Each structure stands twice: as structure tokens, then as C-alpha cells.
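Coordinate analysis (summary)
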Amino acid sequence: MFGLDKRDTTLLLIVAGLTIFAPFLLNPFPTDSGLAQFNAGYPDLMQRFVIFGIFAIGFNILFGLTGYLSFGHAAFLGVGSYSAVWMFKLLSMNVLPAIILSVIISGLFALVIGFISLRRSGIYFSILTLAFAQMSFSLAYSVLTPITNGETGLQLTLDDPRVLGVSATADGSIPVTNLFGMEMRSTYHLIVGPWDFQFNMGYYLCALVMIAAFYLSIRIFRSPFGMMLRAVKSNQQRMNYTGLNSKPYTLAAFVISGMYAGLAGGLMASMDPLAGAERMQWTASGEVVLMTILGGAGTLIGPVLGAGFIKYFENIFSKINDNVLHGWFSFLPDGLEDFVVFIIHPFIGKGWHLTLGILFMLVVIYLPGGLVEGGQRIGNWFKGRKKSDAHQSKTNPAE
């Protein structure tokens, strides 16, 4: 199916099912429940899940297949965002041309940076990409202010000379992004008892793009091109000794990975037409590295899981404060309640990064293959139990 074998088709269908039914899966608790704060089925948050999933899938094509660790991929994310916003300002509020331009410009930018950076490998390559990303951030923040609007960020105004469309609506407001008339902010609420399920147009556009991006990554992984990239990761020097030039393959992987990042940036701008230099900071590049390693570098579904895991922690656990903790532990004596809240306080709210860092260390130490390896271990454990139970149920014939 779709040119994939049975295993890959099953994986693709699982990812498609999870993204399509995400409004149900991410809202397990009623809205009037005390646990409703752990729900994640909000349009903005679901959009971030799939957009950063695309970002991580693209990064995994470079890092997971070739072993080249880039600390500058946020530059392509930012370039994609700026390109999309400029398309909204000059051409149309339709997201399709903006997304296409984001991918093209990011690909060209990645071609230039990759051509220079790939002259080195290992830590030197990583430092070069980090340097380019920081230069891009500095240019966007202070030097190229006529193009990027500096620290304020590039955003839409009522004076934009839009060719295909109006600069302002009838009520004097800025037009909203759309896909052939379907607004990205359009949301349908399905009320089922105490549950409120939200189906957002922008989210489902991002979800469909992520499914397509995931399908393309499967084809790359299983293709002869993907095999060549694995050979680069396995032993690039031996590959060069055989007479094969690995640079075109690594450069192609770098450009494809940059185009994925630009696609994610274009989608971010399509959901919220704003582009700022902070999207190009080294911390954003480090975040996608964490996503990929946490989920499982070199695996297909791992980066998607890692992106969802980190974005969930960022948006849900960061909202927990002392008042919430006091509500949870109110059944304890006053002194003990205050002590428990005091112990947990550094790990929630603004300190959620500390919790994420501890979890990341535990995963790296005990699950080098990321969350995917953890799932495989659990599956193998259940299979082992079934086999042992089946073996014990057998009876030997009487002699």
C-alpha cells in the first residue's frame, strides 16, 4: 500500500489515526474536572505538536541517517517563517503559496550553509552550523531590520500592499490566513456531556502535511538513497575508499532536512502570521535535538513522539503552580502539605525544564534508543510472558 511494506503501512496508519483523532485522545478528562488542566486537545497546542513533529522528522533525516549533528536547524525554521509572512504581506492570505515559498527559500538557504559546513564532519560540523545559526539570529535581530523588523518581529499591518486580496476587511481589521477561503482559525466545538472536543481547520491542515511528511520520510529511509546515508553514518571513510563520493548524499540530506524545517516554519506563520528572530536562536536548535534523541534517533516514529512529549511538558506542566499543588495535597496535614509542595515546587511551573532535563538524562542512560526503545522493551516483555504462559500450559503425555 502506497509503495510501502506491511510494517511501514501499519506505522503510517497509526500515525494518521493518532493525528486525526487527536481531539478525542488529548481530551480524556471532562472540562469541569480538576484534571482538565492535563488535557491537551486545544487547537494551538495540537498545532504545535504536529508542526514540531515535522521539524523533528526532517532533523532525523540528517542526524538519524547520517549521524551529522546540526545545532543550526532553527535558522531554517526562522527563514521559513519570515518567507511565509512576506508572502502574506505582498501576495495573498492563502497559506498554500506561503508554505511553498517557505520550503523553497529554506532549501536554498540550507544548500548554501550545507555546502560550507559539510566540508567538515563531527564536532567541527556542529560548531559551523551553530555559528551560522547565531549569525542568522544576529542578522534578523539587528542588521536586516528592514526585512525582519528586528526585535519586534515581522507581522501583518493594515498598510500591506497585498496583490491578491485586501489589506483590510470591511470592519477595518487585518484579514486572517486561509486555504481557499477556509480560515485557519475556524474551530468546530463538539459538546458531548462534560467534554468539549475542538476541531480546528488549521490543525487538520498541519496534520495532513505531517502525515505526508512522515510518508516521505519512510520512503527516504527505505530507498537506496537512505541506504547510502546509513553507509555514511556507519563508516564514511571506508565508503570513500570504495570510490563513492559521500558529499552529494550528505548535502542532499542536509537540504531535505532544511526544507522540512522551513515547512514547519511556514506552517507556524500560517497559523499565527508572525515571525521573530527568537525562532532562530540556538535554544530552538537544541530543542529539536532533544526531541529526536528523546523519541529515538534513527527511528521513524521516534521524533514525532519526542516532539509531542516535550511540547506537552512545556505547555501543560509549566502551568502547574503552588496553588494547584496545595489543592492536590490538601488531604495531608498542614505542615506535611507545605513540605511536599516545597519539595515539588522547583520541578513545576517555570522549573519544568529541570524535570525535562532529569527525564532526558534517564532516557539517555537507560533507554539509549529513546521512547521507541522503551516501547519495544515493553512489547518484548509482554511477548515473553505470553510465551512462558503458553509453555507452562503444555502438559507432557503420560508414559
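These notes cover the structure that comes with them. On a predicted model such as this, the values are computed, not experimentally measured, just so you know.

1. Remarks on the overall build of the chain
- Per the secondary structure count, the chain includes 16 helices and 6 strands.
- Taking 399 residues into account, the globule formula puts the C-alpha radius of gyration at 21 Å, and the chain, at 24 Å, falls close to it.
- Over its C-alpha atoms, taken along the principal directions, the chain stretches across nearly 90 × 65 × 45 Å.
- The buried share of the chain, taken over its 399 residues, is 47%.
- A separation of at least 24 residues holds for 71% of the contacts in the chain among residues at least 6 apart in sequence.
- About 20,300 Å² of surface is accessible on the chain, with carbon and sulfur atoms providing 67% of the total.
- Charge-centre separation for the chain: the mean point of 24 positive side chains lies 17 Å from the mean point of 21 negative side chains.

2. Concerning the environment of Phe109
- Checked against the element boundaries, Phe109 lands in helix H5 (residues 95-117).
- The partly exposed category is assigned to Phe109, whose relative accessible area is 26%.
- Put simply, Phe109 and Tyr215 are 106 residues apart on the chain and 24 Å apart in space, counted from C-alpha to C-alpha.
- With near-sequence residues (within four places) excluded, Phe109 lies in contact with Ala75, Phe76, Val79 and Ser136.

3. Some words on the nonpolar core
- Core analysis: the biggest nonpolar cluster contains 92 residues, and Ile54, Phe214, Phe254 and Leu267 have the highest contact counts within it.
- Top element by residues in this core is helix H3 (residues 43-66). It accounts for 13 residues.
- In this structure, Phe254 is in contact with Leu62, Ser70, His73, Phe76, Ala110, Ile113, Gly114, Leu118, Phe125 and Thr129, ignoring residues within four places of it in sequence.

4. Some words on helix H9 (residues 224-241)
- The end-to-end C-alpha separation of H9 is 19 Å, well short of the 26 Å expected for 18 residues at 1.5 Å each.
- Where H9 bends most, the angle comes to about 115 degrees, and this point is Asn235.
- Among the residues of H9, those classed as buried are Gly226, Met228, Leu229, Val232 and Met239.
- Packing partners of the buried residues in H9 comprise H3, helix H8 (201-222) and helix H10 (247-271).

5. As for the packing of H3 against helix H12 (residues 302-315)
- Packing of H3 against H12 brings their axes to within 8 Å, and their N-to-C directions diverge by 140 degrees. In terms of orientation, H3 lies oblique with respect to H12. Two packed elements cross with a definite hand, and for H3 against H12 that hand is right-handed. Contacts from Leu45, Arg48, Phe49, Phe52, Gly53, Ala56, Ile57 and Asn60 in H3 reach Pro303, Val304, Ala307, Gly308, Lys311, Tyr312 and Asn315 in H12.
- Residues belonging to the contact of H3 with H12 are distributed by class as follows: 9 nonpolar, 4 polar and 2 charged.

6. Side note on the packing of H9 against H10
- Where H9 meets H10, the axes come as close as 10 Å, and the angle between the chain directions of the two elements is 130 degrees. Taken as axis vectors, H9 and H10 run oblique relative to one another. The chirality of how H9 crosses H10 is left-handed. On the side of H9, the interface is formed by Phe225, Met228, Leu229, Val232 and Met239, while H10 contributes Tyr249, Thr250, Ala252, Ala253 and Ile256.
- In the contact of H9 with H10, the residues fall into 9 nonpolar, 1 polar and no charged.

What counts as what
Residues numbered from 1 in each chain as written. Predicted model: local features only at pLDDT ≥ 70, side-chain atom pairs only at ≥ 80, totals over all residues. Heavy atoms only, no water. Helix = DSSP H or I, 4+ residues; strand = E, 2+ residues; numbered from the N terminus. Rg over C-alpha atoms; globule rule 2.2 N^0.38 Å. Buried < 20%, exposed > 50% of the residue type's maximum accessible area, 1.4 Å probe, protein only. Contact = heavy atoms within 4.5 Å. Areas by Shrake-Rupley, 256 points an atom, 1.4 Å probe, with all protein chains shown as cover. Lys, Arg positive; Asp, Glu negative; His and termini not counted. Charge placed at Lys NZ, Arg CZ, Asp CG, Glu CD. Core = buried A, V, L, I, M, F, W, Y, C linked by side-chain atoms within 4.5 Å. Expected span 1.5 Å × (residues − 1). Bend = angle between axes of the 7 residues up to and from the residue. Axes fitted to C-alpha atoms, helices over the stretch in contact; angles between N-to-C directions. Parallel < 35°, antiparallel > 145°, perpendicular 65-115°, else oblique. Left-handed = near helix turned anticlockwise from the far one by under 90°. Nonpolar A, V, L, I, M, F, W, Y, C, P; charged D, E, K, R; others polar.

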